[in-house]
Amino acid sequence: MLVLGIETSCDETAASVVECTAGALNVRSNVVASQEALHAPYGGVVPELASRAHLACIVPTLERALRDAGVRWSDLDRIGVAHCPGLIGSLLVGVSAAKGVAWSLGKPVVPVDHVVAHLAACLLDRPMPAWPALGVVVSGGHTSVFRMDGPTEPALIGWTIDDAIGEAFDKAAAMLGLGYPGGPRIEREAIGGDPQAVRLPSAFLRRDGVQFSFSGLKTALLYAARGVPGTARRPAPPVPALTPERVRDLAASFQHAAVASIIEGLDAALAQTGDRPRTLLVGGGVSANQALRAALDGWATTHGLECRVPMIAHCIDNAAMIAGLAALIPAPRGTGDLGFVAEPMSRIARGARGPQRKAS
Ligand code: KG4
Ligand code: ZN
């Protein structure tokens, strides 16, 4: 079965062809048109610019994915598309393209959740792991922990009450004058820094359940970098100058605290899952971070779990993970219902702020 995946949830226009044979997911092509340079001058993604760039890129990106895979439109068996969560104008471009392709070919379209697809990235070009699994998504929009009996329907057991970890990396980089996108820049600076230089608080909340909050960690970094605001009576204590060496130390200290927070969250998640997980699945842009990958690998080994992190190319937003997840979901007959819509919030991870409260 050949599945075309389409991903336009934020600032990457992506398309991929994945071949699924007896449950094994083989990536035949993986094309990502990044808008990084477009948004860099603004220090973050500008939604209107993002959707316009998706419009310009979507057709050439789809054609390139088919060409790279060596397949024709008529060879496709199924279309998968990220329909949530993300920027609504960006999602709309991918969703409309997917519906158009499905309608013209008479093939089914499967809408998938981008957050769940990040975990499916661990299944690409590798055998299926043992279930049940713990899944952790560390991305720009989510810090979510799941209990998983299989790849398609994870149960949310942990979340952040404010920023996502990737968002915190991006803001930390901005505080240190490192620019956008922040995660890779913090990682690069941290290599030469001392992770013990500044003690920063954990983002894991020691309360019932698995919850994170990155606001305290961000504020502590801001104060360490720029000083605590003083008053007329109590002037602020002096802070060391923000020299290149100090930036490296702060980046290393921030990264150390962020990674340790995820490990603490996993300890709590493991303690609360009854049926012992056999695998740890990790996904999302921050899973490209080598310090986090090493810590997760060590944690999984200690607890007797197989640690699965995606290949680096499948950590950041891509369409292979979308096609992979769509291949594993039972497809409807014909084109399926073309009435599905783009949605800004995840149905399964329900945004960065945990489960939605029921309307009363
Ligand atoms: O999964 P992703 O590509 O998009 C979302 O679904 O949000 O994640 C993007 C996030 C950004 O916040 C980026 O700074 C972060 O992933 N990121 C990293 C690294 N590479 C990307 N954070 C830390 N270290 C990295 N190497
Ligand atoms: Zn993502």
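Residues numbered from 1 in each chain as written. Chains lettered and ligands numbered in written order. Predicted model: local features only at pLDDT ≥ 70, side-chain atom pairs only at ≥ 80, totals over all residues. Heavy atoms only, no water.

Draft legend 1. Spatial organisation of helix α9 (residues 290-302). If you check α9, its first and last C-alpha atoms are 18 Å apart, about what 13 residues at 1.5 Å a residue would give, namely 18 Å. Taken residue by residue, α9 has Leu292, Arg293, Leu296, Trp299 and Ala300 as its buried positions. Angularly, the buried residues of α9 cover 130° about the axis, an arc narrow enough to put them on a single face. What points out from α9, more than 90 degrees from its buried face, is the exposed set Thr301 and Thr302. Among the residues of α9, the N-terminal cap falls to Asn289, whose side-chain oxygen and the backbone nitrogen of Ala291 are separated by 3.0 Å. Backbone geometry just downstream of α9 places Gly304 in the positive-phi region, at approximately 75°. (Helix = DSSP H or I, 4+ residues; strand = E, 2+ residues; numbered from the N terminus. Expected span 1.5 Å × (residues − 1). Buried < 20%, exposed > 50% of the residue type's maximum accessible area, 1.4 Å probe, protein only. Arc of directions from axis to C-beta. Polar contact = N/O pair within 3.5 Å; in protein donor to acceptor, adjacent residues only side chain to side chain.)

Draft legend 2. Representation of the site of ligand 1 within the structure. The environment of ligand 1 is formed by 19 residues, the closest being His118, Gly140, Asp170, Glu187 and Gly285. His118 has a polar side-chain atom sitting 3.0 Å from an oxygen atom of ligand 1. One nitrogen or oxygen atom from the main chain of Gly140 is found 2.8 Å from an oxygen atom belonging to ligand 1. Look at ligand 1: alone it shows 550 Å² of surface, and the protein chains cover 87% of it. Of all the cavities here, the one that holds ligand 1 is the largest pocket. Elements that contribute at least two residues to the shell around ligand 1 include exactly α4 (114-120), α5 (165-175) and α6 (182-190). Among the elements that take part in the shell around ligand 1, α5 stands out by supplying four residues, more than any other. Its residues assigned to classes, the shell around ligand 1 comprises five nonpolar, ten polar and four charged. (Near = heavy atom within 4 Å. Areas by Shrake-Rupley, 256 points an atom, 1.4 Å probe, with all protein chains shown as cover. 1 Å grid on protein atoms, 1.4 Å probe; cavity = no way out; pocket = protein on both sides within 12 Å on 5 of 7 lines; lining within 4 Å. Sits in = over half its atoms within 2 Å of the grid points. Nonpolar A, V, L, I, M, F, W, Y, C, P; charged D, E, K, R; others polar.)

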